[in-house]
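Commentary on secondary and tertiary structure
The lines below spell out each chain.
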Amino acid sequence: MNILFMGTPDFSVPSLKALAGMPGHKVVGVVTTCDQPVGRSLKMTPPPVKVCALELGIPVFQPEKLNTDENLELFKSLGVDIIAIVAYGKIIGSKLLAAYPQKIINVHPSLLPKYRGVAPYQWALINGEKKTGVSIMYIAKELDAGDIVLRRELAIKDSDNASTLHDSLAVMGAEMLAETVALIDDGKAVSVPQNHAEATYY
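Residue numbers run consecutively from 1 along every chain, following the written order of its sequence. Under the rules for a predicted model, residues below a pLDDT of 70 receive no local features and side-chain atom pairs below 80 are neither given nor counted, while totals for whole chains, interfaces and linings still include all residues. Excluding hydrogens and water, the side-chain values take into account all heavy atoms of the structure.

1. Brief notes about the packing of aromatic side chains
The aromatic pairing rule takes the rings of Phe, Tyr and Trp, using the six-membered ring of Trp, and pairs them if the centres are within 6.5 Å, calling planes under 30 degrees apart stacked, those over 60 edge-to-face and the rest tilted. Following the criterion strictly, the structure yields two aromatic pairs and no others. Ring centres of Trp 123 and Tyr 202 lie 5.5 Å apart, and the angle between their planes is 35 degrees; this geometry places the pair in the tilted category. Placement of Trp 123 in helix α5 (residues 120-126) and of Tyr 202 in the segment after α6 (162-185) is noted, with a sequence separation of 79 residues between them. The structure contains a cluster of three or more aromatic residues connected by ring pairs, namely Tyr 115, Trp 123 and Tyr 202. The way it works is that DSSP assigns letters per residue, a run of H or I at least four long becomes a helix, a run of E at least two long becomes a strand, and they are numbered from the N terminus.

2. With respect to the packing of helix α1 (residues 13-20) against α6
Running from N to C, α1 and α6 point in directions that differ by 35 degrees, and their axes come no closer than 8 Å. Handedness of the crossing formed by α1 with α6: right-handed. In this structure, α1 contributes Pro 14, Ser 15, Ala 18 and Leu 19 to the contact, and α6 contributes Ala 170, Gly 173, Ala 174, Leu 177, Ala 178 and Val 181. Counted by class, the contact of α1 with α6 contains eight nonpolar, two polar and no charged residues. Helix axes are fitted only over the stretch in contact, all axes being lines through C-alpha atoms; the angle between N-to-C directions runs from 0 to 180 degrees. Crossings are classed by handedness, with left-handed meaning an anticlockwise turn of the near helix from the far one by less than a right angle and right-handed meaning a clockwise turn. Note on definitions: a residue-residue contact is assigned when non-hydrogen atoms from the two residues lie within 4.5 Å. In this classification, Asp, Glu, Lys and Arg are treated as charged, Ala, Val, Leu, Ile, Met, Phe, Trp, Tyr, Cys and Pro as nonpolar, and every other residue, Gly included, as polar.

3. Examining the nonpolar core
What makes a nonpolar core is a set of buried Ala, Val, Leu, Ile, Met, Phe, Trp, Tyr and Cys residues whose side-chain atoms join them at distances within 4.5 Å. Each residue's exposure class comes from its accessible area (1.4 Å probe, protein chains only) as a fraction of the maximum for that residue type: buried when under 20%, exposed when over 50%, partly exposed otherwise. Core analysis: the biggest nonpolar cluster contains 35 residues, and Phe 5, Leu 16, Leu 19, Val 30, Ile 105 and Leu 177 have the highest contact counts within it. Sequence-distant contacts of Leu 16, defined by excluding residues within four places in its chain, comprise Phe 5, Val 27, Val 30, Val 49, Cys 52, Ala 53, Leu 56 and Ile 58. Judged by nonpolar contacts, the second largest core, of 16 residues, contains Phe 75, Ile 85, Tyr 88 and Leu 97.

4. Digging into the packing of α1 against helix α2 (residues 48-56)
Packing of α1 against α2 leaves a shortest axis separation of 9 Å and a crossing angle of 25 degrees. Viewed along their axes, α1 and α2 adopt a mutual orientation that is roughly parallel. As α1 packs across α2, the resulting crossing turns out to be right-handed. On α2, the residues that touch Val 13, Leu 16, Lys 17 and Ala 20 of α1 are Pro 48, Val 49, Cys 52, Ala 53 and Leu 56. Class assignment for the residues of the contact of α1 with α2 results in eight nonpolar, no polar and one charged. Under this scheme an angle from 65 to 115 degrees is roughly perpendicular, one under 35 degrees roughly parallel, and one over 145 degrees roughly antiparallel; angles in between are oblique.

Keep in mind that these numbers describe shape and distance, not what the molecule does.
This is how it looks when you write it as structure tokens:
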């Protein structure tokens, strides 16, 4: 399959590498956020995913606005079969959802439907949870509310902090994302709706 990858920070990099290394599949492009000024000198700095993509020889796109007709035409020209999102940082609009129904998957570092939002494992740690994990879901219009394809737990150790959980969940998410792509390609992916009554947001 031809895969379009969307991601931005360090957390996304293991997933991009995992997909790029899958036999029989090709990452045809990477969409990430624009370079940002960093430090006192305000030096324009590329996001980690851009650096990784260029090292892998994958074309990089940094649109200021994602949900445009021009971008839809670009994705069609790339022959995109599936879109994989890992901490991209922008909302997927209705046009993109309509163009790729049940073909946009997202890696979320929590045990959905709990801990929806932008800092799930950090809040799980703050709240004294004994476990966190990763959920791979189809993107839906509502935030982190799509049907789940894979969901796995990770025990939170007493020695864990946000940094160690970040690294562990990034690796776990990458492995699960590659597994999900393979399941979808084989027609064996089974998704389960979330119980929205149990949803929490952080």
